[in-house]
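# Close look at the chain arrangement
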There are 2 protein chains.
Amino acid sequence: MDVDRPRKPTLDTVAGAVGVSRATVSNAYNRPDQLSAALRERILETAAALGYPGPDPVARSLATRHSAAVAFMLGQQLSASFSDPALSIVLDGLASTVDGHDHCLVLMPGGADRGGPRPQTVARAQADVVVAYSLPDDAPALAAVRARGLPMVVIDQPVLPDTARVEVDDAGGARLAAAHLLELGHRRFAVVTFSLRPDGGNGPASPARLAEATFRVSRDRLTGYLSELRAAGVVDVPVWECSGSRRELSRSAGRTLLTGDDRPTAVLCASDELAFGVLQAARDLGLAVPEDVSVVGFDDVPAAEHAEPPLTTVRQPLVDKGRHAGELALRLLDGGRPGPPTRLAVTLVERASTALHT
Amino acid sequence: MDVDRPRKPTLDTVAGAVGVSRATVSNAYNRPDQLSAALRERILETAAALGYPGPDPVARSLATRHSAAVAFMLGQQLSASFSDPALSIVLDGLASTVDGHDHCLVLMPGGADRGGPRPQTVARAQADVVVAYSLPDDAPALAAVRARGLPMVVIDQPVLPDTARVEVDDAGGARLAAAHLLELGHRRFAVVTFSLRPDGGNGPASPARLAEATFRVSRDRLTGYLSELRAAGVVDVPVWECSGSRRELSRSAGRTLLTGDDRPTAVLCASDELAFGVLQAARDLGLAVPEDVSVVGFDDVPAAEHAEPPLTTVRQPLVDKGRHAGELALRLLDGGRPGPPTRLAVTLVERASTALHT
DNA sequence: TTGTAGGCGTTATCAT
DNA sequence: ATGATAACGCCTACAA
């Protein structure tokens, strides 16, 4: 008559009850062909009677050295996964690839400073492969993943040794947009970008700060915009950095930028979300788009088409981005090697938010 | 001169190299105050030199018996988490609560049949608490979670012993909507619902099928609609079941329902997404909303306000739903008891898609 | 402050 | 077909 507290049954408990060894019980669950149907039946029954929930997943992971999960690291709060339009489309693509492979998708929190998950968080995450999305180039999380020796695929990140990668021609897309505006006769521009560095910077960005940008996407889009303009002789373009890709931020940026006599006739934004804010700012100031000011975005999220006016923007294949990342991740999961990066094309989508400068 | 293959270093390796015990190395990572700063420093240095990535998360989980993760089970594909508007708002709320607690969010794939994760998937998932959302009442996944003894919080599910729960008054909301339409003088109705059972059913739903519905949400909204109508003497209301909450499905449903002389003058939908499809169907058929037919939705997702025409709908606090679920989950994580269910209110939002029946 | 020893629950490799 | 036994890598009293 034991007085033990009701401890959860384990493989051992069941083995003892049935009178077989642990190995056999384990086999009953994982290799039905390794034991007689009758014995297996008896084991499973006793297990049920004992309330044994089946092999513990953590213990199994320890023994098998894999956990049937793919992790996703982002540079933002967890909730951005579901609220940021562009990000959630990428995740949709990733998820649709992972779906049907019976793997869980582990979302790692990125911390409020946009710097990506803390190394400690990475160290604790249980996954067989990790997908990193738009982290600062020098994010500690990237090093932490490498330290753990986990295979990784990066999206919108610089080249990293031994890492699969899907990339988009951000600079080229940005140039397309700038060229479009130049063709329309614009000569006075402004640029609105999201974070250049994960430090919450918000406001006009100095050339020095531009040079120090650690977010590859911001940097490339910005460089694309500015270099195309410079090639056409347009210099001294004001750049406004928003601390995130949220329209409230660009709205107030827009209100400043679009005020004054020498206000720009065209605003280049690093994302559609930022462009929406600028559109709102123009409305706030009584400026007509595109008559008074042209606005272009980047991404071509679904809302771009329904904006007021419909937004001219650079389309990038967001779903494909996620999908490819997923495929690369699955390949790495199977022990495959990284291989060359997947390159995705961008296109300019001309809508009604841009027009000839009259 | 060993010829070992380069095996990954473990706590032991480091301990050996430094000349201390495993426990001390472990403490260096987890309890800095348990050893001298100097020794700790030396340990960490050697670890770095050896390429030791720090304590293995799986082994740690096995020993500590928790894994710093909260799991989310849904009745759909993983990708629905990011593409289904209502679901992603709930997840946004959940994520914003979990954010800052340094826990990962584990999304479990639900399988294509909407029946929820397979028991086997549940058995392998590594998490300390699980949140279940809108699964069939008899989903095997629910039993699997209980079998594992994991604490659980359910959203939009029937009462379950020993389980935290957040619930919404779906039936009441539905009654509100039906009453609204009755007041406007409507007498001929149709109802469009999403899945009643996880079997892909799509088409007119018989009373028998209604009675057998296993999705609590579908059942309650449907019951709310029909009982309110019945109380007003309106019977024989056709119900169309769509196999998912997607507008393409309800669009074709709508085209059938809105055809014929005795077509309904009002359509009650189980979700906004379904209502959008019906709106489209009306357009397809050249019917004006609300002049020819009134349409109401359920949820009040952001798009409802911008629909053409703006959609009358039952608002439920989606973000709060997720947030509360998150709070309950965190409480369970801390060893708290389930407590009474959190009840959330719904309200009718009258917009332009409903009007007097003339 | 540091070390010892036992445990966490499985899987995997050989024998038998 | 089954069973011993050794990993898997770490945590944590408790002892020293």
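Criteria and cut-off values
In this convention, every chain numbers its residues from 1, walking through the sequence in written order. Each chain takes a letter, starting from A, and each ligand takes a number, starting from 1, following the order in which they are written. Reporting of local features is limited, given that this is a predicted model, to residues whose pLDDT is at least 70; pairs of side-chain atoms are given and counted only at 80 or more, and all residues count toward the totals for whole chains, interfaces and linings. Note that water and hydrogens are dropped before the side-chain values are worked out from all heavy atoms of the structure. Only protein chains enter the accessibility calculation, which uses a 1.4 Å probe; a residue is then buried when its area is under 20% of its type maximum, exposed when over 50%, and partly exposed in between. Secondary structure elements are defined from DSSP: runs of H or I of at least 4 residues count as helices, runs of E of at least 2 residues count as strands, and each element is numbered from the N terminus. Strand pairing is defined by DSSP finding a minimum of two bridges between the two strands. Put simply, the grid is 1 Å and covers the protein atoms alone, a cavity is a trapped set of points that fit a 1.4 Å probe, a pocket is an open set with protein on both sides within 12 Å along at least five of seven lines, and lining residues have an atom within 4 Å of a point. Grid points are joined across faces, edges and corners, and a volume is the space filled by probe spheres set on the points. Residue polarity is assigned by list, with Asp, Glu, Lys and Arg as charged and Ala, Val, Leu, Ile, Met, Phe, Trp, Tyr, Cys and Pro as nonpolar; anything else, Gly included, falls into the polar class. UniProt positions are given in the numbering used here, feature names are shortened, and annotations may be inferred rather than shown by experiment. In this comparison the copies share one frame, found by least squares on the C-alpha atoms of residues holding pLDDT of at least 70 in both. Between two residues, a contact is recorded if the distance between any of their heavy atoms is within 4.5 Å. Helix span, expected: 1.5 Å multiplied by one less than the number of residues in the helix. Using a 1.4 Å probe, buried area is obtained as the accessible area two parts lose upon being combined, added over both of them. When a carboxyl oxygen of Asp or Glu is within 4 Å of a side-chain nitrogen of Lys or Arg, the pair counts as a salt bridge. Polar contacts, as used here, are pairs of N or O atoms within 3.5 Å; protein pairs need one atom able to donate a hydrogen and one able to accept it. Residues neighboring in sequence count only if both atoms are side-chain atoms. In this description, a line fitted to the C-alpha atoms serves as the axis of each element, helices being fitted only across the stretch in contact, and the angle between N-to-C directions of two axes falls anywhere from 0 to 180 degrees. When the centres of two rings from Phe, Tyr and Trp lie within 6.5 Å, Trp using its six-membered ring, the rings pair. Their planes under 30 degrees apart give stacked, over 60 give edge-to-face, and anything left gives tilted. A ring is considered to have a charge above it if a Lys NZ or an Arg CZ atom is located within 6 Å of its centre and within 35 degrees of its normal. In this entry, domain limits derive from an automatic or database-based domain assignment. On a range of 0 to 100, pLDDT expresses the predictor's confidence in each residue. Any angle that falls under 35 degrees is termed roughly parallel, while one over 145 is termed roughly antiparallel, one within 65 to 115 roughly perpendicular, and all others oblique.

## A few points about the pairing of strand β9 (residues 266-269) of chain B
Residues and elements named next belong to chain B. Of the two faces of β9, both are covered, the one formed by Ala266 and Leu268 as well as the one formed by Val267 and Cys269. Bridge analysis of strand β6 (residues 189-193) against β9 gives 4 bridges, and the strand direction is parallel. By the bridge assignment for β9, Val192 is matched with Cys269. Bridge analysis of β9 against strand β10 (residues 294-299) gives 3 bridges, and the strand direction is parallel.

## Examining empty space enclosed by the protein
Enumeration according to the criterion identifies 3 cavities of 30 Å³ or more in this entry. Approximately 200 Å³ is the volume attributed to the largest cavity. Together, 20 residues line the largest cavity, and Val106 and Gln126 of chain A together with Ala69, Val106 and Gln126 of chain B are the ones closest to its centre. Looking at the lining of the largest cavity, the elements with two or more residues in it are β2 (104-108) and α7 (119-124) of chain A together with β2 (104-108) and α7 (119-124) of chain B. For the lining of the largest cavity, the per-class residue count stands at 10 nonpolar, 6 polar and 4 charged.

## With respect to the UniProt feature "domain: HTH lacI-type" (unreviewed entry) in chain A
The positions UniProt marks with the feature "domain: HTH lacI-type" (unreviewed entry) are residues 9-64 of chain A. Spanning residues 9-64 of chain A, this segment combines 70% helix with 0% strand, and its end C-alpha atoms are found 21 Å apart.

## A few points about the relation of the copies chain A and chain B
Structural alignment of chain A on chain B gives an RMSD of 0.1 Å, achieved by rotating through 180 degrees and translating 0.1 Å along the axis. With respect to symmetry, the two chain copies, as superposed, fit the operation of a two-fold axis. The position closest to the rotation axis in chain A is occupied by the C-alpha of Val106 of chain A, lying 2.2 Å away. When the interface residues of chain A are mapped onto chain B, 100% of them again fall at the interface, so both copies present the same face.

## Overview of helix α11 (residues 216-231) of chain B
Residue and element names in this part refer to chain B. If you check α11, its first and last C-alpha atoms are 22 Å apart, about what 16 residues at 1.5 Å a residue would give, namely 22 Å. For α11, the full list of buried residues reads Arg216, Val217, Ser218, Arg221, Leu222, Gly224, Tyr225, Leu226 and Leu229. Looking one or two places after α11, you find Gly233, whose phi comes out positive at around 85 degrees.

## Observations concerning the interface of chain A and chain B
Each partner contributes residues to the interface: chain A has 40 residues there, and chain B has 40 residues. Taken together, the two surfaces of chain A and chain B that pack against each other cover about 3600 Å², and 60% of this comes from carbon and sulfur. Considering only the side of chain A, the residues that lose the most area to chain B are Phe82, Asp99 and Gln126 of chain A, jointly responsible for 18% of the buried surface there. For the pair chain A and chain B, the number of links is 2 salt bridges. In this structure, Arg118 of chain B and Asp102 of chain A form a salt bridge, with 2.9 Å as the shortest nitrogen-oxygen distance. Inspection of the region where chain A meets chain B yields 12 residue pairs in polar contact (both at pLDDT 80 or more). Listed by contribution, the elements that provide at least two residues to the side of chain A that touches chain B are α4 (57-64), α5 (80-83), α6 (85-98), β2, α7 and α8 (140-148) of chain A. Of the residues belonging to the side of chain A that touches chain B, the class tally is 20 nonpolar, 12 polar and 8 charged. In terms of strand pairing, β2 of chain A meets β2 of chain B through 3 bridges, oriented antiparallel. Residue pairing across strands places Val106 of chain A opposite Val106 of chain B, the latter belonging to β2 of chain B.

## As for the sheet that holds strand β11 (residues 312-315) of chain A
Residue and element names in this part refer to chain A. The 7 strands are arranged β7-β8-β6-β9-β10-β11-β13 in an open sheet whose pairing can be described as mixed. In this open sheet, the two edge strands, each paired with only one partner strand, are β7 (203-204) and β13 (347-349). Here β11 pairs with β13 via 3 bridges, running antiparallel. When the bridges of β13 are listed, Thr313 appears paired with Val349. Lying over the sheet, helix α11 (residues 216-231) contacts β6 (189-193), β8 (239-241), β9 (266-269) and β10 (294-299), oriented at roughly 175 degrees with respect to β6.

## Regarding unusual backbone geometry
All names here are of chain A. Backbone torsion omega between Val289 and Pro290 reads 10 degrees, so that peptide bond is classified as cis. Tracing the backbone through its elements, the reader meets Pro290 in the loop between α13 (272-284) and β10. The backbone of Arg65 shows a phi angle near 70 degrees, a positive value even though the residue is not glycine.

## Let's talk about the packing of aromatic side chains
Residues and elements named next belong to chain A. Tallying each qualifying case throughout the model produces 5 aromatic pairs over all chains. Measuring from centroid to centroid gives 5.8 Å for Tyr29 and Tyr52, while their planes differ by 70 degrees, and the two rings are edge-to-face. On the criterion of sequence distance, the pair formed by Tyr29 in helix α2 (residues 22-30) and Tyr52 in the loop between α3 (37-50) and α4 is long-range, its members being 23 residues apart. Taking relative accessible area as the criterion, Tyr52 reaches 9% and is therefore assigned buried. Residue placement shows Arg221 over the ring face of Phe298; its charged tip is 3.8 Å from the ring centre.

## Considerations on the domain arrangement of chain A
Looking at chain A, the domain boundaries give domain 1 (1-52), domain 2 (69-168 + 318-344) and domain 3 (170-316). The distance between the C-alpha centroids of domain 1 of chain A and domain 2 of chain A comes to 39 Å.

## Considering the environment of Glu45 of chain B
Within the element layout of this structure, Glu45 of chain B appears in helix α3 (residues 37-50). The sequence separation of Glu45 of chain B and Val14 of chain B amounts to 31 residues, and the corresponding C-alpha distance is 9.8 Å.

## Considerations on the confidence of the model for chain A
In low-pLDDT regions, the fine details of the predicted coordinates are not to be read closely. Summarising the model, chain A shows a mean pLDDT of 94, and 98% of its residues fall at 70 or more. Note on residues 1-5 of chain A: pLDDT under 50 across the span, and 0 contacts to partners over four residues away in sequence or across chains.

## So, the packing of helix α1 (residues 11-18) of chain A against α2 of chain A
All names here are of chain A. Where α1 meets α2, the axes come as close as 8 Å, and the angle between the chain directions of the two elements is 105 degrees. One element, α1, and the other, α2, form an angle in the roughly perpendicular class. Across the interface between the two elements, Leu11, Asp12, Val14 and Ala15 of α1 pack against Arg22, Val25 and Ser26 of α2. Within the contact of α1 with α2, the residues separate by chemical class into 4 nonpolar, 1 polar and 2 charged.

## Some thoughts on the sheet that holds strand β8 (residues 239-241) of chain B
Residue and element names in this part refer to chain B. Taken together, 7 strands build an open sheet; the order of strands is β7-β8-β6-β9-β10-β11-β13 and the sheet is mixed. The open sheet has two free edges, formed respectively by β7 (203-204) and β13 (347-349), since each of these has just one partner strand. As paired strands, β10 and strand β11 (residues 312-315) are joined by 4 bridges and run parallel to one another. By the bridge assignment for β11, Val296 is matched with Thr312. Sitting on the sheet, α11 touches β6, β8, β9 and β10, and the angle it makes with β6 is about 175 degrees. Strands β6, β9, β10 and β11 of the sheet are contacted by helix α13 (residues 272-284), whose axis makes an angle of about 155 degrees with β10.

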